[in-house]
Amino acid sequence: AGSSLLISGNTLQIAGTITNNGTFDASNGTILMNGSSAQTIGASVFSSNTIMNLTISNAAGVSLLGPLNVTGIVNIQNGNFASAGNLTLVSSASGTALIDGSGAGTVAGNVTMQRYLPSKFGYKYISSPFQSATVNELSDDIDLGASFPPLFSYNEGSATSGWVDYITAADPLSRLLGYAANFGSSGVPFTADITGTVNNGPLSITLYNNNNPYTLGFNLVGNPYPSPVNWDAGSGWTKTNIDNALYYFKASTTDEYGGTYSTYINGISSDGQATAIIPSMQGFFIHVSDGSYPVTGTLGFNNSVRVTDLMHPFVKSEEKSQLPLIRLGAAFTDDPASTDPMVIYFDEKAQTGFDTY
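Quantities reported herein were computed from a predicted structural model and do not represent experimental measurements. (Residues numbered from 1 in each chain as written. Predicted model: local features only at pLDDT ≥ 70, side-chain atom pairs only at ≥ 80, totals over all residues. Heavy atoms only, no water.)

Draft legend 1. Up close: unusual backbone geometry. Of note, the bond from Tyr 293 into Pro 294 is cis; its omega dihedral lies within 30 degrees of zero at -5 degrees. As for its placement among the helices and strands, Pro 294 is situated in the loop between strand S28 (283-287) and strand S29 (295-301). Even without glycine at this site, Ala 84 takes up a positive phi of about 55 degrees. Note on placement: Ala 84 falls in the loop between strand S8 (80-82) and strand S9 (87-89). Under the relative-accessibility criterion, Ala 84 is labelled exposed at 59%. With a phi angle near 55 degrees, Asn 266 is a residue other than glycine that sits in the positive phi range. As for its placement among the helices and strands, Asn 266 is situated in the loop between strand S25 (259-265) and strand S26 (268-269). Residue classification places Asn 266 among the buried residues on the basis of a relative accessible area of 14%. (Helix = DSSP H or I, 4+ residues; strand = E, 2+ residues; numbered from the N terminus. Buried < 20%, exposed > 50% of the residue type's maximum accessible area, 1.4 Å probe, protein only.)

As structure tokens, this is what we get:
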């Protein structure tokens, strides 16, 4: 009692048990649990129940007995980490916590993942990093009873717009799919959250291009992991009949129901902001290639595509060369933040027809 231990910029390895009657601050450090027999992390062991990074390297497993907020990286190198619904991956303006996909261990039990939004205003394309979350997980973030539906799924096979209102609380937030969620008319910062058992390992989804008048082979998908993924990763992807293109939605700052798209196509960003790094809980459009309709496409992932960047600041993939280009944008004078961008460049591999890359 009365003593304190501060871990700052370093790693404290714990091979036994933790008892704390004083102050134990690891909010800027890493805790490594590396015992040879089963270990526990008790309730209120750490100051404010918060640490920066947590690493598990214990084949016998580690159990979490009380709330724990992680602001950095959770890495289960080996063994099983039993969260018991007590783990929260914190998101703020300074970054979003994640679970590293490189470890050989697993996270069992529910986890809560947050997503910080600089502005609540308008629609955001979201996805679930969990195995069996439902629409009800969003009931504390959006008004499911609003007069205009605040949540939509997308059906590429539809003969109309493709958008389908999706407000039944028991309906699943299916992994690998994206959803359009309206967080309201306020421009204040906001932190949304979803709880469930995290996805891990190989995942895939079958997509279609039915060449319908409005959907035209576009599919709204989402990052299925509790970490960012890299569209340009050298391994880990299956992209059968999938164009090499990402389409991100950016909500308008003046029209709650409007917005524009920015793209990342063939390694080129249309606005200099869209990148190959797809954040956790991010929904986005992709296109199933044109062909003999209906065209079937397969989008597959494994942990090799996951990255551990907390801020996702990449502008271009390091694997792409810098090309001379011209960026243009069109916007209404009263809404310059919602510019509709395009980019023009020359590619020696271009063909006379449409290039899917």
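Draft legend 2. Up close: the layout of surface pockets. Reported here for the largest pocket is a volume of approximately 1200 Å³. Taken together, 40 residues make up the lining of the largest pocket; nearest its centre are Arg 115, Pro 118, Phe 249, Pro 279 and Gln 282. Mapped by element, the contributors of at least two residues to the lining of the largest pocket are strand S10 (91-92), strand S11 (95-96), strand S14 (111-117), strand S15 (123-127), strand S19 (190-196) and strand S24 (245-251). (1 Å grid on protein atoms, 1.4 Å probe; cavity = no way out; pocket = protein on both sides within 12 Å on 5 of 7 lines; lining within 4 Å. Points joined across faces, edges and corners; volume = space filled by probe spheres on them.)

Draft legend 3. Up close: the sheet that holds strand S13 (residues 106-108). The strand order across the open sheet formed by 4 strands is S3-S5-S8-S13, and the pairing between neighbours is parallel. Two strands in the sheet have a free side with no partner beyond their single neighbour: strand S3 (39-41) and S13. Mean inter-strand twist for the sheet, computed between neighbouring axes without regard to direction, equals 20 degrees. The pairing of S3 with strand S5 (residues 62-64) spans 3 bridges and is classified as parallel. Across the sheet, residue Thr 40 finds its bridge partner in S5, namely Ser 63. (Pairing = 2+ DSSP bridges. Axes fitted to C-alpha atoms, helices over the stretch in contact; angles between N-to-C directions.)

Draft legend 4. Representation of the sheet that holds S15 in the model. Spatial ordering of the open sheet is given by S15-S18-S16-S17, a layout of 4 strands whose pairing is antiparallel. The open sheet terminates on both sides in strands that have one partner only, identified here as S15 and strand S17 (163-165). On average, each strand axis in the sheet is tilted by 35 degrees relative to the strand beside it, whichever way the strands run. Bridging between strand S16 (residues 151-154) and strand S18 (residues 178-182) involves 2 bridges; their strand directions are antiparallel.

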